[in-house]
Structure formats: C-alpha cells, structure tokens
Amino acid sequence: MMDAGRHPRIKLLAYSEIVSVSGYVGNFSVRVRKKARYVDESACTACGDCAKVCPIVVPNEFEVGLGSRKAIYIPFPQAVPSAYVIDHANCLGDVPIACGKCRDICEIKCIDFDQQDQIINLDVGAIIVATGLDVYDPSALDEYGYTRHENVVTSLEFERLIDAGGPTGGHLIRPSDRKPPKRIGFIQCVGSRTLSGNGDPSASSGQRLSRGRPYCSNICCMNTVKDSLLLKDHYPDTDISVFYMDIRAFGKGFEDLYRRSKEAGVKYIRGLPGEVVEDPVSGNLLLTVDNTTQGRVEQHELDMVVLSIGLVPSEDQAHIKKLLTLSQTDEGFLLESHPKLKPVDTPTRGVYLAGCAEGPKDIKDSVTQASAAAARAQIVLNSDKLKVEAITACVDREVCTGCGLCAKVCPYSAILADSKTKMIAQVLEAKCAGCGACSAECRFDAITMRHFSDAALTAQIDAALAENPENKIVTFACNWCSYAGADYAGVSRMQYPPNARIIRTMCSGRIDEDFILRAFQLGAPVVLVSGCHYADCHYINANRWTQKRVDRLWDRLERKGIRPERLQLEWISAAEGAKFATVMREAERIRQGVTPEEIELTRRVLAEEG
Amino acid sequence: MGENVTFKCLRCGHEFCGVYDTDVERMCPKCRSNSVRRVKDKPAPPAHPPKK
C-alpha cells in the first residue's frame, strides 16, 4: 500500500466512490466523488493530537466493534494516506459551543470543516475491479448462539483478539470474564457449503441465503489451521478442537501446515455441532456433536467457540455490476469472461477483475490475479489501435423510429438512443459485442447484424424446411454453448434423432420471433430455441431476453390456437452433450405427436396473419 | 422478493409452484426441462397456508 501511495504514476483516491462510468475500452470516462474528510490529507502528519482531545467515542469498525475510536480517526494503522478523517455522522461539528477541539489543537491547521465533496473526472483506458468482499453474518444460525453467548466469536473477531495491534494487545481473553480461555473450539464451514431451503423452489433468495452460501469459501480451513498453530505457539497448554466437514488443505505447503497442526496436538473432529449451549454460571459452552469418524455422539465443554465464517460478495457488488455492465454468478460474485481462457477479463472489454470480487480466494491467488489483470490492462494501454468485434449491429437510419427499445435490451449499453426525443439509434461499435438482442427486439427491422443478418438466417430456415418439413426439428443454437454442446454430442458419438436442423446464431438473444413463426409457417412441427445457461451467458444477460421473447411467443401461439408445446426452450452448456442428445430425443417425441392436420392449420393461421 | 406463481412444463406437462424471478433459470423439477411456462390464469397457492 505504501509503495502504491508513493509511486509517482499511481494516484490513490482514498475515501472516494465511482459515480458513473461511460465510454468503452481505451476510452472510459469515470466520474469519481471524493468525499470530504474535513482534514487536508496532504498536510496532516498523523500526530494524533486531534484524536486525543476528541470527546466522541464510537465502536471501531476495523476492530469489529471490539475496540473503540474517536470521531476523528485513522481507519486502521496501515491506512494510506496516513491522515486523519472526521466521521461526519458522529462529530459534534465546529460550532464553538458544541466542540471544535480538534481544530483548536491542530498546530498545522489542517482541519477544515468547510471541506466539500469533490467530483473528479478521469479519462482512463482500462479499469480493474478489486472491490473485495464481506464476511457472512452468523446471526441467522441460532443453534450456534452467536447473538446470545458472549464467548462465541467469529473468526474475524478472533483475529483481532490475537493480533498484537488489536484491542487486547495480542493477549487472548474470552469476552465474558476477560480470562484466558483454556479450551477453544473452532466450528468450520459456518455460512459456507450450505444448501438452504432444501431445494424448495418456493423459497425466496433471502431465505435460501440466510443460513449460508452453497460454495466453499476457500480460506477458512487454512485460516483455522494457522490460528491453531499460532495458539499452540503462544499458549501451548490450550486444548484446541476443530469441528469440520472436510479439511480442504489444497495449495503449496498447506498439507504440511495441517500435518504440523495435528502433530502439535490440535484435535480434528469430523462433525459439526448441532447445538451450542451456555452454562449461565461459568459462561462455558457445551457442544453436542456427532463424531462421524468415531460413530458416536459426543459432548465437549469449551471456554470459547470460534465460528469460522465464510465469505460473501460485497454489498455494493450489484451497483458495480450496473456501473460497468458486468455479469454476476448466482452467488453474486462478478463473472469472468471465461473461467479458463479469460479468467481476469469481463464481458465488457477493458474491464478486468482482481481478488475476491470475482470469488473467494486467499492472498496468494489475489496477488496472482491482480498481476494478471494489470498485465491484461497493459495490453490495452500500450496499443495504438484496438481491434473491434467484426459482428456488430448496424442501424438503418431510414427505418429507425427512435423508439429506444434496442438501447433498453443492449447488455453492453452500446446503443445511444432516446425514446423521448425520438433520437435515431446510434451503435458504438467499440462497445458492441454482437449478441444481436437489439436486432431481434427491433419491431421495425431497423437493425442488421453483420454476418448474421435477417436475410441470411431466414434463408437457412427456408433451406432447412425446403423438403419434408413435417419431419424436421428446427433448432436454433447459440455459438458458445448449445452449438458447442451439439458438437460435443456429435464427437462423443451420442445417438440422437438425425432430423435436427441446427441454425447457429452468436447468442440465443439474436433469435427473432419472426424466425420462429416463419419456421412454423413453412411447416416445422417443432422449433427448439437453445442457449447458454443464465450464469454462462457470453453476452452478460442477453439470454434473459430470449426467455422473455419465448414467453411472449408461447402466449401468442396459444392465442392463435397453436400448441405452445411445439416451441421448446433449453439452456445447454458446451459440456452438456448428453443433455443435447436427450433434448433432441424429447423434441422428436413431441414431433411425432404433431399431426399433419395440425401443421396445416398452423400454416393457414400464420398465413392469414401475414 | 419474487412473486409465487404456478409453472407448467411444456415437455412433460408437470405443474408446480415457484418464485417468479427473471434472473433465475426455470427448470421442471420432474423432467429437468427448461421449457417451463408461467401459468397466468392460475394463481399459486400461498407458500404458507394461514393458520386456522
């Protein structure tokens, strides 16, 4: 941090937030709000005189509430810049009668109560998102009694308690009686690897996530191993028990650390406690656990319990996603372009990910990813010219009515349009990724996709149904997933009906309602629309529009007396060759149920509509 | 929080209740098809019936 703060070509904007981001790769404009800290950070020497006279004492966030700070404070000892900041919400202000003591005592007069938030405009070529994460709040897990028992602490609180710079100076004490604990238990996977709601589809996302997240938080096992070794080093007589599901000690040197911990006498018990009960007199904690290795239910009396809490996406992740037009995983972390080939890139070119914003990881992995992101950004910054995507949208200015629908559906905000002023849509080609959602959504056919034009796709439908259309299954497949899934089924020699006629588009979002209706009009008994799974969409969220469009079409077909079952929708990944084969067999089963009379009626109804 | 609605699978015909959320993939719990349509004229029963 200090090196970054001192580097002549790095400008640190601490205590600031991004207001807006516009532009595209190599040419971003970023508006930053630099919040007023009421202290001139370039003049402040961090002497601490101001904090000494400040009468306001509030819980210290860095110490997770275990310590206190003043209303004028340095967030944490290693903070860069090393300058004080006034907590506006708690400060009494500079009205002389109220307070103003800090300003009076400051010799270099760096405190300025009239300081205002500043808006800073930056032009940058690339953006790296390294916004970190939050920790899971175990309050919802009532069985562990985190909110009821004083001696149940989280791993983050424990970290502060054993830190030499922490509120106790590194002396481990238990909160209830401030005595050193002799028996400590660590409960692993608190808020991690939990499938809540038991797969109940009616459970809301809040209900599903309150008891924990389904993923492994990656760092908790090794953090506990490290803590146990630290405790054994400082307090060799401490009896330490670790209650776990699995110890995940993958990584260089980790298994060795785990072995050393066991050799030091730390007891690893396979099984998570069902309940933590407090003895009201001694404050000791009684744990009941099913030891699955021994095959018996055990009771353990401990002085202190540490909940090894998991990691969750930061609260403002959704805001960042919106600002930078990124994509999120189901768990809420930011999604990379490709997990293997582009692990630090995002769907928005010129924006890269580093650290836990992308997923839970330890320091080593975070540093590795940050180095990779910096290197990727350098490629952009060192280029005189950037290649844009060949498949982009193109607006016919004569036909466009300026309704603005295309801009609404564009996942990349690559279309400038204003429905109020009826501004003719304008495509920013450097931002356009070529999904084609705009083209499919345009009611006036005013947008053409280069290389995937309406004419080209219509010609493919016509050719597919030129002979014996009643035997064909018209299948629209997206380039990245479902088409690759079909290919995988083929190269794996999986058997599926040979009457599928696959039409490739870059994204399922490109599939226009007119294409599907044309296929039905030409006599197709079944039409299948397939695309990437929601979390895998290569165009951020363009396939959500596919679902909406198919929903609309199901209603429309039903109104016309056409069975909606004849239009199938499936999300198939590149690895799901077996699913593709199953889907095609099911589609064939549905096709066999469509009578020639039904096909003829469909043709007539659609022909009448024109 | 999403609305509780009834869905119908267009592959196997199975009807089930679930939360309508445009950011969550729909899947039939019986046949695992994604051809799942929201049944609009059939309100879903409440998730938790009122206590008598």
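Per chain, residues are indexed from 1 in the order of the written sequence. Whichever chain is written first is A, and whichever ligand is written first is 1; the rest continue in order. Reporting in this predicted model follows two pLDDT cut-offs: at least 70 for local features of residues, and 80 or more for side-chain atom pairs to be given and counted; totals over whole chains, interfaces and linings ignore these cut-offs and use all residues. Here the side-chain values reflect all heavy atoms present in the structure, with hydrogen atoms and water set aside.

1. Some remarks on unusual backbone geometry
Residues and elements named next belong to chain A.
Moving on, step 1. Here the amide bond leading from Val80 into Pro81 is cis, since omega sits at 0 degrees, within 30 degrees of zero.
Moving on, step 2. Its identity as a non-glycine residue notwithstanding, Tyr38 has a phi of 60 degrees, on the positive side.
Moving on, step 3. Runs of E in the DSSP output that reach at least two residues are strands. Runs of H or I that reach at least four are helices, and both are numbered from the N terminus. The topology assignment puts Tyr38 in the loop between β2 (27–34) and α2 (49–53).
Moving on, step 4. Although it is not a glycine, Arg493 sits at a positive phi angle of roughly 60 degrees.

2. Thoughts on the interface of chain B and chain A
By a widely used convention, the size of an interface equals the accessible area lost when the partners come together.
Moving on, step 1. Of the residues lining the interface, 20 residues belong to chain B; the matching set on chain A comes to 24 residues.
Moving on, step 2. The term buried area refers to how much accessible surface (probe radius 1.4 Å) is lost by two components on association, counted for both of them together. Both sides together, the interface formed by chain B and chain A hides about 2000 Å², and carbon and sulfur atoms give 43% of it.
Moving on, step 3. Every case where a carboxyl oxygen of Asp or Glu lies within 4 Å of a side-chain nitrogen of Lys or Arg is listed as a salt bridge. Between chain B and chain A we count 7 salt bridges in total.
Moving on, step 4. Here B:Lys40 makes a salt bridge to A:Asp555, at a shortest N to O gap of 2.7 Å.
Moving on, step 5. Counting of polar contacts relies on pairs of N or O atoms within 3.5 Å, with two restrictions inside protein: one atom must be capable of donating a hydrogen and the other of accepting it, and residues adjacent in sequence are counted only when both atoms are side-chain atoms. Across the chain B-chain A interface, the total number found is 16 residue pairs in polar contact (both at pLDDT 80 or more).
Moving on, step 6. Of all the elements in the fold, those that place two or more residues in the side of chain B that touches chain A are β1 (3–9), β2 (15–20) and β3 (36–43) of chain B.
Moving on, step 7. By the convention adopted, Pro, Cys, Tyr, Trp, Phe, Met, Ile, Leu, Val and Ala count as nonpolar, Lys, Arg, Asp and Glu as charged, and the other residues, Gly among them, as polar. A breakdown of the residues in the side of chain B that touches chain A according to their chemical character gives 6 nonpolar, 6 polar and 8 charged. Only heavy atoms matter for contacts: two residues are in contact if any of them lie within 4.5 Å across the pair.

3. A word on the confidence of the model for chain A
Moving on, step 1. Residues with a pLDDT of 70 or more make up 97% of chain A, whose mean pLDDT is 93.
Moving on, step 2. Mean pLDDT across the secondary structure elements of chain A bottoms out at helix α5 (residues 205–210) of chain A, with 61, and peaks at strand β26 (residues 526–531) of chain A, with 98. The pLDDT value expresses, per residue, how confident the predictor is, ranging between 0 and 100.

4. Considering the sheet that holds strand β15 (residues 285–291) of chain A
All names here are of chain A.
Moving on, step 1. Only when DSSP finds a minimum of two bridges between them are two strands counted as paired. Across the sheet, 3 strands lie side by side as β14-β15-β16; this open sheet has antiparallel pairing. Because the sheet does not close on itself, it has two edges, and the strands there are β14 (273–278) and β16 (296–302). Within the sheet, the average angular offset between the axes of one strand and its neighbour, ignoring direction, is 20 degrees.
Moving on, step 2. Both β14 and β15 contribute to a ladder of 5 bridges, which runs antiparallel. Residue pairing across strands places Val277 opposite Leu286, the latter belonging to β15. Axes here refer to lines fitted to C-alpha atoms; in helices the fit is confined to the stretch in contact. Angles between the N-to-C directions go from 0 to 180 degrees.

5. Digging into the sheet that holds strand β10 (residues 152–154) of chain A
Residues and elements named next belong to chain A.
Moving on, step 1. On the basis of which strands lie adjacent, the open sheet formed by 5 strands has the order β10-β17-β11-β12-β13 and parallel pairing. Sheet topology places β10 and β13 (267–270) at the edges, where each strand pairs with a single neighbour. Between one strand and the next, the sheet's axes are offset by a mean angle of 25 degrees, whatever the strand orientation.
Moving on, step 2. Bridge count between strand β11 (residues 183–190) and strand β17 (residues 304–309): 5 bridges; the pairing is parallel. The residue of β17 that forms the bridge with Val190 is Ile309.
Moving on, step 3. In the packing of helix α6 (residues 220–234) onto the sheet, contacts are made with β11, β12 (239–244), β13 and β17, and the angle to β11 comes to roughly 170 degrees.

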